[in-house]
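Examining the three-dimensional arrangement
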Amino acid sequence: MPNERLRSALLARGMTVQSLADEIQVNAKTVERWITQSKVPYRRHQYAAAAALKVDVTTLWEDDRNVDSTADLTKAEISTVYPHRHMVPPGLWREIFGRSQKSLDVLVYSGLFLSEDPLFHALLKAKVEAGVRVRLLLGDPDCAAVRQRGEDEGHRIMDGKIRNALLLYRPLIKSHPEIALRLHDSTLYNSIYRSDDEMLVNPHVYGIGAYMAPVLHLRRLPGGLFDTYAHSIEHTWENARPVTDADFTGA
């Protein structure tokens with residue numbers, strides 16, 4: 001029997017077999033078999049398809065394996081794991097941010113590699129001009145957490161990296177004040193880069209720089225790992241302070 005629920009969900013979202021396959025990174029023929037032959041996908045593909053179609057997974061498949069599936073939900077959210085940040089394809093950062101339609105968030109200490117990228121600056125301008133909410137969170141260069149992070153990495157230049165990032169962002173913020181920039185003094189356990197329901201998470205590892213630490217590419221499913229990290233962004237934003245002219249000049 002064909003899976004008419006899956007077919008109907010596709011039609012309701014205005015998606016095709018090919019567009020769903022592209023979204024969840026499987027072959028279109030595989031999706032076609034899910035519909036015409038009622039093949040039951042792997043759980044990670046069930047959750048990914050349900051997220052893309054904005055429906056509950058049990059709406060699409062009656063699968064006993066979906067019972068007690070918290071661990072599987074978390075696994076389904078993880079699209080890719082890169083062992084080191086420097087192994088993330090260079091264009092992926094801009095590609096993910098380029099897909100944002102509602103919100104774009106960056107939570108880091110310095111995130112210097114982004115502040116040095118003129119294409120990232122141009123992307124931020126285009127996004128706020130299109131009505132996307134853009135929020136940048138950098139570490140307060142004068143706070144204890146920043147000094148400690150530098151020492152943990154084996155150097156004492158973290159505050160200098162942040163001041164450099166601020167200097168690079170200054171023309172952007174002056175020309176586009178809709179780009180919200182705040183400074184936080186939190187102990188940051190992860191650098192987080194969010195674009196709507198997609199996220200790159202760079203865990204901080206004691207003794208090494210963030211560029212050597214892993215990166216998780218997440219796609220949101222309700223109530224899962226993504227939401228845990230998203231909450232961290234909101235909590236840090238609420239407790240951060242707006243950047244001032246003195247911060248830009250280092251006065």
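The present account deals with the structure reproduced in this document. Throughout, residues of each chain are indexed from 1 in the direction in which the sequence is written. Given that this is a predicted model, residues contribute local features only at a pLDDT of at least 70 and side-chain atom pairs are listed and counted only at 80 or more, while totals for whole chains, interfaces and linings are drawn from all residues. The side-chain figures draw on all heavy atoms in the structure; neither hydrogens nor water molecules are used.

Helix and strand definitions follow DSSP, with helices as H or I runs of at least four residues and strands as E runs of at least two, each counted in order from the N terminus. Each helix and strand counted, the chain has 13 helices and 8 strands in total. Dimensions along the principal axes, computed over C-alpha positions, put the chain at roughly 70 × 40 × 30 Å. Whether two residues are in contact is decided by their heavy atoms: any pair within 4.5 Å suffices. Pairs at least 24 apart in sequence give 69% of the contacts found in the chain among residues at least 6 apart. For the chain, the accessible surface area stands at approximately 12700 Å², while carbon and sulfur atoms represent 53% of it. For every accessible area listed, the method is Shrake-Rupley and the probe measures 1.4 Å; residues are considered covered only by the protein chains on display.

With that settled, the discussion passes to the side chain of N3. With respect to the element layout, N3 can be found in the segment before helix 1 (4-13). A polar contact of 2.9 Å, which involves the side chain of N3, links it to the backbone nitrogen of L6. Pairs of N or O atoms are called polar contacts if they sit within 3.5 Å, as long as, within protein, a hydrogen donor faces a hydrogen acceptor (for residues adjacent in sequence, only side-chain-to-side-chain pairs). Within the local environment of N3, its side chain forms a polar contact with the backbone oxygen of L60, the two atoms lying 3.1 Å apart. Contact partners of N3, with chain neighbours within four places excluded, come to W34, I35, S38, L60 and W61.

Moving on to unusual backbone geometry. We note that Q25 has phi near 65°; this positive angle belongs to a residue other than glycine. One can find Q25 in the loop between helix 2 (17-24) and helix 3 (28-36). Phi at S38 takes a positive value of approximately 55°, unusual for a residue other than glycine. In this structure, S38 sits in the loop between helix 3 and helix 4 (43-53).

This part covers the pairing of strand 3 (residues 133-139). Taking burial as the measure, the 7 residues of strand 3 include 6 buried ones, the bulk of the element. DSSP calls a pair of strands paired once it identifies at least 2 bridges connecting them. Direction of pairing for strand 2 (residues 103-107) relative to strand 3: parallel, over a ladder of 5 bridges. When the bridges of strand 3 are listed, L104 appears paired with V134. Relative to strand 4 (residues 180-184), strand 3 runs parallel, the two being bridged by 5 bridges. If you follow L136 over to strand 4, its bridge partner there is L181. A 1.4 Å probe rolled over the protein chains alone gives each residue an accessible area, and that area as a share of the maximum for its type sets the label: buried under 20%, exposed over 50%, partly exposed in between.

Our focus in this paragraph is the pattern of salt bridges. Salt bridges, as used here, are contacts in which a Lys or Arg side-chain nitrogen is within 4 Å of a carboxyl oxygen on Asp or Glu. Applying the stated criterion to the full structure yields 15 salt bridges. Where D105 meets R133, a salt bridge forms, and the shortest distance between an N and an O atom there is 3.7 Å. Here the residue D105 occupies a position in strand 2, and R133 occupies one in strand 3, the gap between them amounting to 28 residues. Classification of R133 as partly exposed rests on a relative accessible area of 38%. Between R241 and D247 there is a salt bridge, and its shortest N-O distance comes to 2.8 Å. By relative accessible area, which is 13% here, D247 ends up buried. One continuous salt-bridge network, built from bridges that share partners, spans E95, R99, E198 and R219.

A word on the nonpolar core. We define the nonpolar core as a collection of buried residues of types Ala, Val, Leu, Ile, Met, Phe, Trp, Tyr and Cys that are connected through side-chain atoms lying within 4.5 Å of one another. In this structure, V106, L138 and M199 are the most contacted members of the largest nonpolar core, which totals 53 residues. Not counting the four nearest positions on each side in its chain, L138 is found in contact with V108, Y109, S110, I162, A165, L166, Y169, L181, R182, L183 and H184. In this structure, A21, I24, Y47 and L53 belong to the second largest nonpolar core, which totals 22 residues.

Let's shift gears to helix 10 (residues 144-152). Restricting attention to buried positions, one finds in helix 10 the residues A145, V146, R149, G150 and D152. Buried residues of helix 10, viewed axially, fall in a sector of 160°; they line one side. Buried residues belonging to helix 10 abut strand 3 and helix 11 (158-175). At the exit of helix 10 stands G154, carrying a positive phi of roughly 90°. For this quantity, the arc is that covered by the directions from the helix axis to the C-beta atoms.

The subject of this paragraph is the sheet that holds strand 7 (residues 215-219). The 8 strands are arranged 1-7-6-5-2-3-4-8 in an open sheet whose pairing can be described as mixed. The outermost strands of the open sheet, each flanked by one partner alone, are strand 1 (78-82) and strand 8 (241-242). As defined by bridge partners, strand 6 (residues 198-203) adjoins strand 7 across 4 bridges and the pair is classed as antiparallel. Bridging across to strand 7, E198 finds its partner in R219.

Along the chain, the position of L181 falls in strand 4. Residues L181 and R13, 168 residues apart in the sequence, show an inter-C-alpha distance of 35 Å. Once you skip the residues sitting within four places of it in the chain, L181 turns out to touch L136, L138, L166, I173, W237, R241, P242, V243 and F248.

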